[in-house]
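Take a look at the letters that make up each chain.
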Amino acid sequence: MEVSSAALAALSGLGFGLSLIVAIGAQNAFVLRQGVRGQHVFAVVAVCALSDIVLIAAGVGGFGVVVQSVPVVVTVVRYAGAAFLLGYAVLAARRAFASTALIVGSAGTTVALGATVATTLALTWLNPHVYLDTLVLLGSLASTYATPDRWFLGAGAMLGSLVWFTALGYGARRLGPLFARPAAWRVLDSAIAVVMTLLGLGLLLAGPSM
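Residues numbered from 1 in each chain as written. Predicted model: local features only at pLDDT ≥ 70, side-chain atom pairs only at ≥ 80, totals over all residues. Heavy atoms only, no water.

**Looking at the overall build of the protein chain**
The secondary structure content of the protein chain amounts to nine helices and zero strands. Counting the 210 residues in the protein chain, one finds 42% classified as buried. Put simply, the protein chain shows about 10,400 Å² of open surface, and 74% of that area lies on carbon and sulfur atoms. (Helix = DSSP H or I, 4+ residues; strand = E, 2+ residues; numbered from the N terminus. Buried < 20%, exposed > 50% of the residue type's maximum accessible area, 1.4 Å probe, protein only. Areas by Shrake-Rupley, 256 points an atom, 1.4 Å probe, with all protein chains shown as cover.)

As C-alpha cells, then:
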C-alpha cells in the first residue's frame, strides 16, 4: 500500500521532533521533577507543549530566517538563559542539601501555580537551543518540502512534543514509591543542579554563532 507524501512528512516530523526534544535538558528535568511531585503537572505540560507548537509553527512558516538575520537577539537570549539556569542550579543544589525541603509525600513546600508557570516559561523561552531546534533546524528541514507537506511535517513534530511532555509529566508519577525516600530527592535535585550548571556554562562559553 502506497503511503501518501503527507503521511511520510508527518512521520518525518514526528521522528525529527522527538530526536530533538528527548534529551536531558533543563526543561525536561523540570517537567520530571514536577511530575514526580505531582504539582501543577497539567499546567507545566501545557506550557511546554503549547510553546513548542508556537515555535514549530514559526519555524515551518520561515521565521527562522528572521532570527538568523538578527544575531543580537540570540545573544541576548543566550546570556539571559545562562543567568537563569545558573540561578536555578543554585536553588536545586540548596534543595539537595536542605533536609527541611525533603518531606516525604510532598517533597517540600508547594510552589504557587503562577510561579511554576513563570519558571516553565523561562526554562523554555530563555533557552537559545529551542530556537536553534525549532526555528532553524526544523525550519530548514521544512523548507525542503512542498507547501502542503511542510505543514504535515510540522504537525508531526507538534504531536511528538505533546506526546513527550505528557508522557514525561504524568509518567513520572510511577516513580512515586522510589521518591518516597528523601535520599532519592537528594539525587534528583543534585542531578538537576549539575545539568543546569553545565547548560548555563555551556551557554556562556558558546560562540556567537549559536
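**Topic: a nonpolar patch on the surface**
Taken together, the side chains of Tyr79, Leu201, Leu204 and Leu205 make up a nonpolar region of the molecular surface, amounting to roughly 410 Å² of accessible area. Within the element layout of this structure, Leu205 appears in helix 9 (residues 182-205). (Patch = residues over 30% accessible without salt bridge, like charges linked within 9 Å, V, L, I, M, F, W, Y side chains within 5 Å. Salt bridge = Lys/Arg side-chain N within 4 Å of Asp/Glu carboxyl O.)

**Thoughts on the environment of Leu199**
As for its position among the elements, Leu199 is in helix 9. In this structure the C-alpha to C-alpha distance between Leu199 and Gly25, which are 174 residues apart in sequence, comes to 7.7 Å. Setting aside its immediate chain neighbours within four residues, Leu199 contacts Gly25, Ala26 and Leu85. (Contact = heavy atoms within 4.5 Å.)

**A look at the packing of helix 7 (residues 128-142) against helix 8 (residues 147-171)**
Two numbers describe how helix 7 lies on helix 8: the axes approach to 9 Å, and their chain directions differ by 140 degrees. It follows from the interaxial angle that helix 7 and helix 8 lie oblique. Along its contact with helix 7, which presents Leu138, Leu141 and Ala142, the element helix 8 presents Arg150, Leu153 and Ala157. Within the contact of helix 7 with helix 8, the residues separate by chemical class into five nonpolar, no polar and one charged. (Axes fitted to C-alpha atoms, helices over the stretch in contact; angles between N-to-C directions. Parallel < 35°, antiparallel > 145°, perpendicular 65-115°, else oblique. Nonpolar A, V, L, I, M, F, W, Y, C, P; charged D, E, K, R; others polar.)

**Points about the nonpolar core**
Residues Val31, Leu85, Leu123, Phe165, Ile192 and Met196 are the most contacted members of the largest nonpolar core, which totals 25 residues. Broken down by element, the residue count for this core peaks at six residues, all from helix 9. Leaving out residues up to four positions away in the same chain, Met196 has contacts with Ala26, Leu85, Tyr88, Ala89 and Leu123. Counting eight residues, the second largest nonpolar core, distinct from the first, contains Ile56, Ala142, Ala157 and Met158. (Core = buried A, V, L, I, M, F, W, Y, C linked by side-chain atoms within 4.5 Å.)

**Re the packing of helix 2 (residues 26-37) against helix 6 (residues 113-125)**
It is at 9 Å that the axes of helix 2 and helix 6 come closest, and there the two elements cross at 155 degrees. Classed by the angle they form, the pair helix 2 and helix 6 counts as roughly antiparallel. For helix 2 against helix 6, the interelement crossing comes out left-handed. Contacts between helix 2 and helix 6 pair Ala26, Gln27, Phe30 and Gln34 from the former with Thr116, Thr119, Thr120, Leu123 and Thr124 from the latter. Considering only residue class, the contact of helix 2 with helix 6 consists of three nonpolar, six polar and no charged. (Left-handed = near helix turned anticlockwise from the far one by under 90°.)

**Things to note about the environment of Ala82**
Within the secondary structure layout, Ala82 lies in helix 5 (residues 71-97). Apart from the residues lying within four places of it in its own chain, the contact partners of Ala82 are Gly200, Leu203 and Leu204.

**As for the side chain of Ser51**
Assignment of secondary structure puts Ser51 in helix 3 (residues 41-60). With relative accessibility at 5%, the residue Ser51 sits in the buried group.

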